[in-house]
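One letter stands for each residue in the lines below.
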Amino acid sequence: MARERQVAGGGRAVEVAPDRLEGWYARFAVRNGGIRSTRITPDTVTVTADNGVVAVAKVPFGPLPVEAVTVDGLAIAPLVDHALISRRIALLLVRRGGHSVGIARGGVVVQSRTDRHLVQGRSAAGGWSQQRFARRREGQARTALRSAAEDAFEVLVPRLSEVDAVVLGGDRRALETLREDRRLAPLFARAEPRVLDIAEPRRTVLDDAAERAVAVEITLSGP
């Protein structure tokens, strides 16, 4: 099944595996009374149904090697062919309490490293106790992020010449902190714009992220 979530401003987004794209669009056409048009650009594929519902697919690992064009009916072959290409992807998943890094091929993790660190939650105490707790918590977070940076540098950076793309996931503030590490500049320079929303990193979460990384995200809006 496609993964679905609500998006800001209304509508919803679904993540569709490459091998299910054709079936998903066929069902979309049936549900919405047929397809009026398809707009193909290097970065997006926009399908408008006869009832006004619009499905905008962001091209993963783009751009598509096409000129912008609008055609009648459903025309998704360029997107499907592009999505089905087998790619080697570097994954960097980070939250304050842990991280997972890995290399995936065709949605399957082939090399990985995962670590977890204690980062205490917020304290209800006040005064000096609160300040000491906050300092200890920040120290724990810095230690966790240093460990994430070390693993990313050791596992991912040496393999960058072998991968087709880099996909990030987790807490955006934690990722921005890692971005400041100059050793990881080549890694972040290759990162896809999309950041996966994930649970606390562990190996099972990394496996799930490897599948989601190659999925096509489609945003649905309209009547």
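Quick summary incoming for the structure in this document. The structure displayed is predicted, hence computed values, not measured ones.

All right, on to the overall build of the protein chain then. Looking only at helices and strands, one finds six helices and twelve strands in the protein chain. When the 223 residues of the protein chain are sorted by exposure, 45% land in the buried category. Counted over contacts in the protein chain with a minimum sequence separation of 6, partners at least 24 positions apart contribute 61%. Only carbon and sulfur atoms are counted for the fraction: they give 50% of the accessible area of the protein chain, which is about 11600 Å².

What follows deals with the pairing of strand E1 (residues 3-6). Pairing of E1 with strand E2 (residues 12-16), which is carried by four bridges, proceeds in the antiparallel orientation. When the sheet's bridge partners are listed, Glu4 is paired in E2 with Val14. What sits between E1 and E2 in their antiparallel hairpin is a turn of five residues, with Gly9 showing a positive phi close to 85°.

Our next topic: the sheet that holds strand E4 (residues 44-49). Read across the open sheet, the seven strands follow the order E1-E2-E12-E5-E4-E3-E6; overall the sheet is antiparallel. With partners counted over all chains shown, the strands left at the sheet margins are E1 and strand E6 (69-72), one partner each. Here the average twist between neighbouring strands, direction ignored, is 20°. Of the strand pairs in this sheet, strand E3 (residues 35-40) and E6 are connected by four bridges, and their pairing is antiparallel. Bridging from a neighbouring strand, Ile40 pairs with Val69 of E6. Along the sheet, helix H1 (residues 21-31) makes contact with E2, E3, E4, strand E5 (54-58) and strand E12 (216-221), crossing E12 at roughly 10°.

What follows deals with the side chain of His99. Structurally, the position occupied by His99 is in strand E8 (residues 98-105). In this structure the side chain of His99 is engaged in a polar contact, spanning 2.7 Å, whose partner is the side chain of Asp151.

The next point concerns helix H6 (residues 203-213). Burial in H6 covers these residues: Val205, Leu206, Ala209, Ala210, Arg212 and Ala213. Each buried residue of H6 sits inside an arc of 165° when the element is viewed along its axis, so together they form one side. Seen from the open side of H6, the exposed residues pointing more than 90 degrees away from its buried face are Thr204 and Glu211.

The strand order across the open sheet built from five strands is E9-E8-E7-E10-E11, with neighbouring strands paired in mixed fashion. If you trace the sheet from one side to the other, it starts and ends with strand E9 (108-116) and strand E11 (191-196), each paired once. Sheet twist, expressed as the mean angle between neighbouring strand axes with direction ignored, is 15°. Pairing of strand E7 (residues 88-95) with strand E10 (residues 165-170) involves six bridges; the strand directions are parallel. The partner of Leu93 across the bridge, within E10, is Gly169.

This part takes up the packing of aromatic side chains. Scanning the entire structure with this criterion turns up two aromatic pairs. Note on Trp24 and Phe28: the rings are 5.4 Å apart at their centroids and 10° apart in plane angle, and the pair reads as stacked. One end of the pair, Trp24, and the other, Phe28, are both in helix H1, four residues apart, so they sit about a helical turn from each other. Phe28 shares its class with Trp24; the two are buried.

Glancing now at the nonpolar core. Residues Leu21, Trp24, Tyr25, Phe28, Leu79 and Ile218 are the most contacted members of the largest nonpolar core, which totals 24 residues. Those elements that place two or more of their residues in this core are E2, H1, E3, E4, E5, helix H2 (77-83) and E12. When residues in this core are grouped by element, the largest group, five residues, is from H1. Setting aside residues up to four positions removed in sequence, Trp24 forms contacts with Val14, Val16, Arg31, Ala55, Ile218 and Leu220. Counting residues in hydrophobic clusters, the runner-up holds 23 residues, among them Val94, Leu156, Val157 and Val163.

Here Asp151 lies in helix H3 (residues 127-156). Only 3.0 Å separates the side chain of Asp151 from the side chain of Arg113, close enough to count as a polar contact. Setting aside its immediate chain neighbours within four residues, Asp151 contacts His99, Val101, Arg113, Asp115 and Leu156.

Parameters and conventions
- Position numbers for residues count from 1 along each chain, tracking the sequence in the order it is written.
- Only residues with pLDDT of 70 or above have their local features reported here, since the model is predicted, and side-chain atom pairs are shown and tallied only from 80 upward, although totals for entire chains, interfaces and linings are computed over all residues.
- To get the side-chain values, take all heavy atoms of the structure and skip hydrogens and water.
- Elements are defined by DSSP. Helices are runs of H or I of four residues or more, strands are runs of E of two residues or more, and each kind is numbered from the N terminus.
- Only protein chains enter the area calculation, which uses a 1.4 Å probe; residues under 20% of their type maximum are buried, those over 50% are exposed, and those in between are partly exposed.
- Two residues qualify as a contact provided that any one of their heavy atoms is within 4.5 Å of a heavy atom in the partner residue.
- The accessible surface values rely on the Shrake-Rupley method and a 1.4 Å probe; as for residues, cover is taken only from the protein chains in view.
- The criterion for strand pairing is that DSSP finds at least two bridges linking the strands in question.
- A fitted line through C-alpha atoms serves as each axis, taken over the contacting stretch for helices, and the angle formed by two N-to-C directions is quoted from 0 to 180°.
- Two N or O atoms form a polar contact when they lie within 3.5 Å of each other; inside protein one atom must be a possible hydrogen donor and the other a possible acceptor, and for residues adjacent in sequence the pair counts only when both atoms belong to side chains.
- The arc in question is formed by the directions pointing from the helix axis toward the C-beta atoms.
- Aromatic contacts are taken between Phe, Tyr and Trp rings whose centres are within 6.5 Å, Trp giving its six-membered ring; a plane angle under 30 degrees counts as stacked, one over 60 as edge-to-face, and the others as tilted.
- Throughout, nonpolar core names a set of buried Ala, Val, Leu, Ile, Met, Phe, Trp, Tyr and Cys residues whose side chains join them through atoms within 4.5 Å.

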